[in-house]
Amino acid sequence: MTMPNFMRAAATATAALFTATAAHAQEAAEAAAAVPNPGNNAWMMTATILVLLMILPGLALFYGGLTRSKNMLSTMTQIGATAALAMIIWVMWGYSLAFGDTTYEGTLGLFISGGSYFLAGTDASSTAATFTDEVISKYVFISFQMTFAAITAALILGATAERMKFGAVMAFVPIWLTIVYFPIAHMVWAGGGLLFEDGALDFAGGTVVHINAGVSGLVLAYLLGKRRGWPQEPMMPHSMTLTMVGTGLLWVGWFGFNAGSALEADGSAGLAMINTFVATAAGALAWMVIERLAGHKGSALGFCSGVIAGLVAVTPAAGNSGPFGAILLGILSSAICYFFVAKVKAKFGYDDSLDAFGIHGIGGIVGAIGTAVVYQPFLGGPGDGSTALGTQFGIQVFSVLVTIAWAAIGTLIAGLIVKALVGLRVTEEAEVEGLDISEHGERAYN
């Protein structure tokens, strides 16, 4: 029996309606997937604020307490002003160079991106990709990465404390960020970047932040020369109490740094969280044990130094290691950093005032290379074994060497430019009087 025409037409219309409805539902589902998960967005906003906590007040108190009292405010002011300047530069051209929407073809694209100057094309509805199908608000991602640029520039000041002019710092930061930090961030973390495409593992900034800042600090310390009277005169921390407070704030803030680098509130963030606990604890205890073995008393300064050494080493491995691998990294980092701080610095005579290179630079190298080992499944790491240990080790070493070379050469160029323009170092009279008075006209303590 043949179906009447009106029934055939009705059936065709129904089928078309069903197809259109299904297509519409699929489009709606895809559109829904592009909306940021409020939970992930809230976590990333929290993580961003935690990284700010690391800078002000964390790093400012940590470094400030380690200086002599006459340079306390100078150290804190340089850190705060550096972070503020880095934030403004980030939204003007830094984000574009590191993570911009325009991907350049060929060699240029290995080192920088573009097209997002002054955050052009970004609004409240814009999203940024994570490591899964989820997205987060693009403004949140931009803000999160902005705090990384700010703290990396501020970390350098530990190597130059008590003798670098405030004006020189303000001139150095824009040049350094532009030719050193932004390209390295792109190379390591952006799709198409040289080290990203090479397969380098850097979960939260072992190369981008710590090796970069440590090596840059060492180069700048050599350009500045030694502090007046160092090392003959004792230059003890004026307030280990404040340094302890700063250490605690850094450890708390570091959870935003490490767990936030998962870009979601997921299992990877949880792994980074526990690793940030145990690597740091291991590093703190290991440093104090080493002090005892060296014939000294376990000190508050040793505890604080070990905390930072553990935190630095676990940064690239935070989501790339199991907890026991993280513990091993914390112990190893403390041992090697102690050796550089206590022995190598004196041997070579460089005045890394607050051990920015000795802890951040060396700890970053230990962590970046060690990540190749702790990533492997035989140590409980999240790797699936598809990349052989030797292969990953070579990739990590290459990323470290590239970062060291780029940071050293770029910092030398930036430092020489600033030295020619405004000079790097305060006068001898200003250094004797203290930078608080000579540079800022105030005292930390009256």
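Quick note: structure is the one above.
All values reported here derive from a predicted model rather than from experimental measurement.

In this section: the nonpolar core. Counting 107 residues, the largest nonpolar core has Trp90, Leu177 and Tyr181 as its most contacted members. Looking at which element gives the most residues to this core, the answer is helix H6 (residues 166–189), with 14 residues.

What follows covers helix H12 (residues 323–348). Side chains of residues three or four places apart in an α-helix project in the same direction, reflecting 3.6 residues per turn. For H12, which comprises 26 residues, the first-to-last C-alpha distance of 36 Å matches the rise-based estimate of 38 Å (1.5 Å per residue) to within 8%. The principal kink in H12, of about 35 degrees, is found at Phe340. Tucked into the core, H12 has its buried residues touching helix H10 (267–293), helix H11 (300–314) and helix H13 (356–374).

Turning next to a nonpolar patch on the surface. Taken together, the side chains of Ile409, Ile413, Ile417, Leu421 and Val422 present a nonpolar region at the surface, about 460 Å² in accessible area. Mapped onto the secondary structure, Ile413 falls in helix H14 (residues 389–421). Residue Ile413 is classed as partly exposed on the basis of its relative accessible area, which comes to 43%.

Time to look at H11. An ideal rise of 1.5 Å per residue puts 21 Å on 15 residues; H11 measures up with 21 Å between its terminal C-alpha atoms. Most of H11 is tucked away: twelve of the 15 residues are buried. Of the residues making up H11, those classed as buried are Gly302, Cys304, Ser305, Gly306, Val307, Ile308, Ala309, Gly310, Leu311, Val312, Ala313 and Val314. On its buried face, H11 is in contact with helix H2 (38–66), helix H8 (206–224), helix H9 (240–259), H10, H12 and H13.

According to the stated counting rule, one finds eight salt bridges in the structure shown. Residues Arg163 and Asp351 are paired through a salt bridge, measuring 4.0 Å at the closest nitrogen-oxygen approach. Here the residue Arg163 occupies a position in the loop between helix H5 (157–160) and H6, and Asp351 occupies one in the loop between H12 and H13, the gap between them amounting to 188 residues. The closest approach of N and O atoms between Asp355 and Lys345, which form a salt bridge, is 2.8 Å. On the criterion of sequence distance, the pair formed by Asp355 in the loop between H12 and H13 and Lys345 in helix H12 is long-range, its members being ten residues apart. For the pair Asp355 and Lys345, one class covers both residues: buried. Within this structure, Arg68, Glu162, Arg163, Arg227 and Asp351 form a network of salt bridges that share partners.

Within the structure shown, the criterion is met by 20 aromatic pairs. With centroids separated by 6.1 Å and ring planes inclined at 80 degrees, the aromatic side chains of Tyr181 and Phe182 adopt a geometry described as edge-to-face. Each member of the pair, Tyr181 as well as Phe182, is classed as buried. Each member of the aromatic cluster is reached from another via a ring pair, and the members are Trp90, Tyr95, Phe99, Phe141, Phe172, Trp176, Tyr181 and Phe182.

Summary: where empty space remains is shown by rolling a probe the size of a single water molecule over the atoms. Tallied over the entire structure, the rule returns one cavity of 30 Å³ or more. Roughly 40 Å³ of internal volume is contained in the largest cavity. If you go around the largest cavity, the residues you meet are Met54, Ile151, Leu155, His210, Leu250, Trp254, Phe257 and His360. Elements with a minimum of two residues in the lining of the largest cavity: helix H4 (138–155) and H9. If one sorts the elements of the lining of the largest cavity by residue count, H9 sits on top with three residues.

At a minimum axis distance of 7 Å, the contact between H10 and H12 shows a crossing angle of 40 degrees. Judged by the inter-axis angle, H10 sits oblique to H12. As H10 runs across H12, the sense of the crossing is right-handed. Every residue of H12 that contacts H10 at Leu271, Ile274, Asn275, Val278, Ala279, Ala282, Gly283, Ala284, Ala286, Trp287, Ile290 and Glu291 is listed here: Pro323, Ala326, Ile327, Gly330, Ile331, Ser334, Ala335, Cys337, Tyr338 and Val341. A per-class count over the contact of H10 with H12 returns 17 nonpolar, four polar and one charged.

In this structure, Pro57 follows Leu56 across a cis peptide bond, with omega equal to 15 degrees. Among the structural elements, Pro57 can be located in helix H2. The omega angle of the peptide bond from Trp230 to Pro231 is 5 degrees, so this bond is cis rather than trans. Even without glycine at this site, Leu119 takes up a positive phi of about 60 degrees. Here Leu119 lies in the loop between helix H3 (72–99) and strand S1 (127–129). With a relative accessible area of 15%, Leu119 lands in the buried category.

Bringing the packing of H9 against H10 into the picture now. Contact geometry of H9 with H10 gives a least axis separation of 9 Å together with a crossing angle of 140 degrees. When the axes of H9 and H10 are compared, the pair comes out oblique. Read as a crossing pair, H9 and H10 show a hand that is right-handed. Side by side, H9 and H10 meet where Trp251, Trp254, Phe255, Asn258 and Ala259 of the first sit next to Ala269, Ala272, Met273, Thr276, Phe277, Thr280 and Ala281 of the second. Residue composition of the contact of H9 with H10, by class: nine nonpolar, three polar and no charged.

Reading the values: rules and limits
- Residues numbered from 1 in each chain as written.
- Predicted model: local features only at pLDDT ≥ 70, side-chain atom pairs only at ≥ 80, totals over all residues.
- Heavy atoms only, no water.
- Core = buried A, V, L, I, M, F, W, Y, C linked by side-chain atoms within 4.5 Å.
- Buried < 20%, exposed > 50% of the residue type's maximum accessible area, 1.4 Å probe, protein only.
- Helix = DSSP H or I, 4+ residues; strand = E, 2+ residues; numbered from the N terminus.
- Expected span 1.5 Å × (residues − 1).
- Bend = angle between axes of the 7 residues up to and from the residue.
- Contact = heavy atoms within 4.5 Å.
- Patch = residues over 30% accessible without salt bridge, like charges linked within 9 Å, V, L, I, M, F, W, Y side chains within 5 Å.
- Areas by Shrake-Rupley, 256 points an atom, 1.4 Å probe, with all protein chains shown as cover.
- Salt bridge = Lys/Arg side-chain N within 4 Å of Asp/Glu carboxyl O.
- Phe/Tyr/Trp six-rings, centres within 6.5 Å; stacked < 30°, edge-to-face > 60°.
- 1 Å grid on protein atoms, 1.4 Å probe; cavity = no way out; pocket = protein on both sides within 12 Å on 5 of 7 lines; lining within 4 Å.
- Points joined across faces, edges and corners; volume = space filled by probe spheres on them.
- Axes fitted to C-alpha atoms, helices over the stretch in contact; angles between N-to-C directions.
- Parallel < 35°, antiparallel > 145°, perpendicular 65-115°, else oblique.
- Left-handed = near helix turned anticlockwise from the far one by under 90°.
- Nonpolar A, V, L, I, M, F, W, Y, C, P; charged D, E, K, R; others polar.

Note that all results are geometric; they support no functional claim without further evidence.
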